[in-house]
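# Structural overview for review
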Amino acid sequence: MPSPPTTIAALRSLLAVRFPERSRRSTGVVRTGIRSIDDALEGGLHAGKITELVSTAPGTGGQTVLAQLLRVTRVARQRVALIDGANGFVAEDIPADALKHLVWVRAHGAAEALAATDIAARDGNYAVVIVDLRGLSERTLLKSPASTWHRLRHAIASGTSALLVQTTTPLVPAVSWRLLLQAPPSPGMRRSSRAALADALTVEVTRGHVEIEEESA
Amino acid sequence: MNYAVVLAPDFALQAVLRNDPALFGKPVALAEGEGRKAQLSQVSVEAFTVAPGLAVALAMARCPGLLIRPRDPTAESEANRVLLAAAFTLSPRVEATSDGCCTVDLQGAEAGPTEERMHEAVAELAASGLRVRIGAGATPLLATYAAHRGEPVLVVRAATDFLAPLSIDAAQPTPTQAAVLHGWGIKTLGQFTALPKAEIARRLGTEGVALWERATGETMRVLRHVEPVKTFAAEWVYDPPVESLEPLLFRLRRYAERVALELRGAGYVAEQLTLTLFLEDETDQGRDFRLPEPSANLDGWMRILQAHLDTVQTAARVIGVRLTAKHARPPLKQDGLFDIGLRDPAAFWENLARMGAIVGDHCVGTPTVLDSWQPDSVVLEKPAESVPAPEPEPMHPPRGLTLRRFRPPWPARLAFLENRPVTVDADHTRHEVLAARGPFRSSGSWWDPTKNWMMDVWHIEVSSGAVYQVVQTPQGWCVEGVLD
């Protein structure tokens, strides 16, 4: 009979081997639970990278992506921050259990949303930080200085979180991935289960994993 | 080690310097007296060419860049409070002995941790702009001797060895006694205490005995304890008023340091901070900051307050500020073996409060849906320390697209044909209705006339293929959101 572990760390390691489902942690890639997106992103949202999800029209499934991402990260017990720029999230439309890992930040405009994102991106406790900028004035967003995104890119790159930015028009410069949601689900799919709807979503990749050379100081 | 003395040398000067960042690193002196009689009372180390007692005019001639300042009673009072707050972190029995000097009764305290705490107090006070020395010994007097020689902390364990080489002036003899002792060739306390006490009494009388007892460091006295503070607040004024963030933050940090020290000394943490700005136009602007994880960490407080102040615009200049901390006992918790906790709990709670400072405390948290069908029946609660294990998937998983709500909803006008909507006017656009489902009627709280509600909900597909949720309430029609 093997000798019992003598330290808490050894005990945790032993338990992780015996009960792997109990010790799931972030592995650097966070699955979204949407096949087309996970395929396009080579597994899911990557820690340290910014992914922009552009909903080119209302009803193209951006909120379904969010709901599915919450469900999948809940199962993996990964913490998620949602910075809700236009305060459009509807919590009662999501199963109560799928909200327990979520920190919802109800911002009042682009300035507040970007300031809160800057804080959440540097936190290190979130597997995913979602910034929903849909519903905000495109003119205001386009006026936000490029340095804002530059700061965010650096904050995310030095941390362990993945940043998902939801927009209605391509907005984020130097983004690692940009995905376009273009068509609403067909009328026949609208009463399907969320999982089926999520699987039916199609995305177009307009920018794929561009590594940006870090400026030398 | 029964007593400790916390001593701030050149206290009045330090009190002035810590309040004015423009004086850092410059030759500064405090002056007392008026006109030609004005002379320097305390000088900073940078003004090494002048000394206390020098006439101001002469000092200015010797040190052309010398900055002369008067004493500042308000700054001294605040610095005394900081000193007391630091002393209370050593023991709850503290005497405010004099300006810049506190005596702490350490009887019953463990020597090792207390000495460590003394070093921490010195560092905290240094960060707060007060350079102090701490001495500890068996009596208050011995602790005072040690404090004058602490670099920065000196604990006297062998009193005789410590006192022997000290100058006889340390025992503060009167001029007459000093002359007599000088005549005897006595220069140190050790030489003086080597003389028999009875012979000193016979030659120098009762005053001589008192001096001899002071020289042995054995003189005892009863401390006049001060009450620890029960409200944790600071209020100060700016003269002249400030209009930029930097000077405001500098003083805010100074006062917040004191409040945090007072909290820690009393064994409390802050669960809420309240910051009030008093403006030149006689209005004020207040804001509460709920700390999700109560703490007395100054840096964390400052990051939260700065996150708020960065976004604040006032109609007039700031003439004063009040900072209040609502105290609470530190939370106690035990992590579970299987918990997937926070990687950096301190950063998590602090960042939560910082985001709350930007968007509002009530706008950050984990959503919990209330037991109601009324839309938006959600409260935001403090996030869990660890993400709990997920519950089994529901028997009937959710179906259909997810609603994204427009807050506020868009006012709308609907045209109906045979009880079915045919056009929707909203957001300055007319949409042709391709298909519509509804109405789905819901209502609640009918028993409470102030809270009852009722609405008819339609799901309307427009030509772009998007499905909007349109509702009719007693107030009229509006587009509530889009199924996305």
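Here the structure is shown first, and the text comes after it.
Fair warning: this is a prediction, and the values are worked out from it, not measured in the lab.

### Here we look at the sheet that holds strand β12 (residues 318–328) of chain B
Residue and element names in this part refer to chain B. Taken in spatial order, the four strands make up an open sheet running β9-β12-β10-β11, and their pairing is antiparallel. Either end of the sheet is taken by a strand with one partner, and the two such strands are β9 (232–242) and β11 (284–295). Strand-to-strand twist of the sheet, defined as the mean angle between neighbouring strand axes without regard to direction, takes the value 15°. Of the pairings in the sheet, the one linking strand β10 (residues 269–279) to β11 comprises eight bridges and is antiparallel in character. From the neighbouring strand, T274 faces β11, where its bridge partner is D288.

### Some remarks on the nonpolar core
I83(A), Y126(A), L133(A), L252(B), L275(B), W301(B) and M355(B) are the most contacted members of the largest nonpolar core, which has 74 residues in total. With near-sequence residues (within four places) excluded, I83(A) lies in contact with V105(A), A113(A), A116(A), T117(A), A120(A), V129(A), I130(A), V131(A), D132(A) and M355(B). Counting residues in hydrophobic clusters, the runner-up holds 32 residues, among them L53(A), F89(A), I94(A) and A198(A).

### A word on the interface of chain A and chain B
Across the boundary between the two partners, chain A contributes 63 residues, which contact 55 residues of chain B. Roughly 5500 Å² is buried in total at the junction of chain A and chain B, and carbon and sulfur atoms are behind 56% of that figure. Three residues, R77(A), R79(A) and I119(A), lead the burial of chain A against chain B; their summed loss comes to 14% of the area buried on that side. Linking chain A with chain B are four salt bridges, by the criterion used here. At the boundary of chain A with chain B, the tally comes to 31 residue pairs in polar contact (both at pLDDT 80 or more). Put simply, the parts of the chain that give the side of chain A that touches chain B at least two residues each are α1 (8–18), α3 (62–75), β5 (102–106), α4 (110–121) and α7 (194–200) of chain A. Counting residues per element, the side of chain A that touches chain B draws most heavily on α3(A), at seven residues. Its residues placed into classes, the side of chain A that touches chain B shows 26 nonpolar, 17 polar and 20 charged. As judged from the two bridges shared by β5(A) and strand β13 (residues 364–369) of chain B, these two strands associate in the antiparallel manner.

### A look at the packing of aromatic side chains
Any two aromatic rings considered together are summarised by their centre-to-centre distance and by the angle between their planes. Enumeration according to the criterion identifies 12 aromatic pairs over all chains in this entry. The interplanar angle of 45° and the centroid separation of 6.5 Å between the aromatic rings of W410(B) and Y468(B) together place this pair among those described as tilted. Taken together, the positions of W410(B) in strand β15 (residues 403–417) and Y468(B) in strand β19 (residues 467–473) put the pair 58 residues apart, joining distant regions of the chain. In this structure Y468(B) comes out as buried when scored by relative accessible area, which is 11%. Each residue in the set Y126(A), F348(B) and W349(B) is aromatic and connected to the rest through ring pairs, giving one cluster. For R79(A), the ring lying beneath its charged end belongs to F348(B), and the centroid distance is 4.8 Å.

### Some points on unusual backbone geometry
All names here are of chain B. Between D239 and P240 the backbone carries a cis peptide bond, its omega angle lying at 5°. Put simply, R407 and P408 share a cis peptide bond, and its omega is 0°. Of note in this structure, E418 is not a glycine but carries a positive phi near 55°. Among the secondary structure elements, E418 is positioned in the loop between β15 and β16 (420–426). Of note, H428 is a non-glycine position whose phi angle comes to about 65°, a positive value. If you trace the backbone, H428 turns up in the loop between β16 and β17 (429–444). Using a relative accessible area of 85% as the deciding quantity, one classes H428 as exposed.

Each value, and the rule that gives it
- Residues numbered from 1 in each chain as written.
- Chains lettered and ligands numbered in written order.
- Predicted model: local features only at pLDDT ≥ 70, side-chain atom pairs only at ≥ 80, totals over all residues.
- Heavy atoms only, no water.
- Pairing = 2+ DSSP bridges.
- Helix = DSSP H or I, 4+ residues; strand = E, 2+ residues; numbered from the N terminus.
- Axes fitted to C-alpha atoms, helices over the stretch in contact; angles between N-to-C directions.
- Core = buried A, V, L, I, M, F, W, Y, C linked by side-chain atoms within 4.5 Å.
- Buried < 20%, exposed > 50% of the residue type's maximum accessible area, 1.4 Å probe, protein only.
- Contact = heavy atoms within 4.5 Å.
- Buried area = accessible area lost by both parts, 1.4 Å probe.
- Salt bridge = Lys/Arg side-chain N within 4 Å of Asp/Glu carboxyl O.
- Polar contact = N/O pair within 3.5 Å; in protein donor to acceptor, adjacent residues only side chain to side chain.
- Nonpolar A, V, L, I, M, F, W, Y, C, P; charged D, E, K, R; others polar.
- Phe/Tyr/Trp six-rings, centres within 6.5 Å; stacked < 30°, edge-to-face > 60°.
- Lys NZ or Arg CZ within 6 Å of the ring centre and 35° of its normal.

Remember that the coordinates give geometry; whether it matters functionally is a separate question.
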